[in-house]
Amino acid sequence: MKRKWMAIWTAAAAAALCMAGCSGGGEKKETVSAVADGVLTVGIVNGGDIFASKEGDTYSGIEPMLVNALGDALDVTVEYVEVSGTQELLQLLDAGTVDAAVGRIAENDAYSQRYLSTRNYGKKGLYLVTRRNDYTDTLAGFSQMNVGITQAVPSNLRVEIPGLEDVNVSEYPDSAGIPAGLAEEVIAAAVCTEREALGLLSEDVQVQELLGGPREAYVALFPLGQEELAGYMNQVISQYLDEMAQAGGEETAEEELPAQTEGEE
């Protein structure tokens, strides 16, 4: 169902798309709208959370809601391409396979050189992963010890992690090797994103949101040259955030997820 707040600028959006993608009088622009064919192809990660989940053939959550609202406003069909993570999303954008990408993509200065990044539509904190019964939510007790960190945590967030400068950082390409690193005492703890951390919960591993740590800000990415599409997505996001603020004072995307391990109170 189309969201009522999108109707205000639907006509303007359609006119802008025609100007970008339709032939007519005047000089033809070099950049053609990615949705001039009536289809918006979007790369997405099914995280099984409030941001995006899938039941049957239908996606639900904050990200599909925003994308579908954009499609409704532009009067185009939305087609999703599902992948497992951010790197695959970037590969799809680079190959021109998709017109946009969403999937809890953390705002990152490096992306601004390669893509058009929208304003953020939600935030989540980083997590500390430790062995079972090692109850801590800070790096204060790990001074001079080896602490893992995944590549999913960008440099602009790392500089804001309290106590990271006092530990010996061990780089991990992803979260897959963290349980073994903890079990073999190669590392005493690890820092990673919420999605990575919650995927590591087990009888031997616990996770806790990093106290006082920075928060990931999630954005949508568009290829360079699609400024109008990115601009309309910013309008969608802005109106969504305004609605959330008016409804309850807190953004839906700020809703806290359980930080404790299974079995803890």
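Rules and cut-offs
- Residues numbered from 1 in each chain as written.
- Predicted model: local features only at pLDDT ≥ 70, side-chain atom pairs only at ≥ 80, totals over all residues.
- Heavy atoms only, no water.
- Pairing = 2+ DSSP bridges.
- Helix = DSSP H or I, 4+ residues; strand = E, 2+ residues; numbered from the N terminus.
- Axes fitted to C-alpha atoms, helices over the stretch in contact; angles between N-to-C directions.
- 1 Å grid on protein atoms, 1.4 Å probe; cavity = no way out; pocket = protein on both sides within 12 Å on 5 of 7 lines; lining within 4 Å.
- Points joined across faces, edges and corners; volume = space filled by probe spheres on them.
- Nonpolar A, V, L, I, M, F, W, Y, C, P; charged D, E, K, R; others polar.

An unreviewed UniProt entry lists the chain under the name Transporter substrate-binding domain-containing protein, with Candidatus Enterocloster excrementipullorum as the source organism.

Participant: Is there a simple way to explain the sheet that holds strand S12 (residues 205-209) in this structure?
Facilitator: The strands making up a sheet associate through backbone hydrogen bonding, with each pair oriented either parallel or antiparallel. Strand order in this open sheet of 5 strands is S10-S9-S11-S8-S12, and the pairing throughout is mixed. The strands lining the two open edges of the sheet, one partner per strand, are strand S10 (168-172) and S12. The mean angle between the axes of side-by-side strands here comes to 30 degrees, regardless of whether they run parallel or antiparallel. Of the strand pairs in this sheet, strand S8 (residues 127-131) and S12 are connected by 5 bridges, and their pairing is antiparallel. Bridge assignment links threonine 130 to a residue of S12, and that residue is glutamine 206.

Participant: How should I be thinking about the layout of surface pockets in this particular structure?
Facilitator: By rolling a water-sized probe across the atoms, one finds the places where empty space is left. Taken as a whole, the largest pocket holds about 730 Å³ of empty space. Mapped by element, the contributors of at least two residues to the lining of the largest pocket are helix H3 (86-95), strand S5 (100-106), helix H6 (194-198) and strand S13 (215-223). In terms of residue count, S5 provides more of the lining of the largest pocket than any other element does, 4 residues in total. Taken together, the residues of the lining of the largest pocket sort by class into 11 nonpolar, 10 polar and 8 charged.

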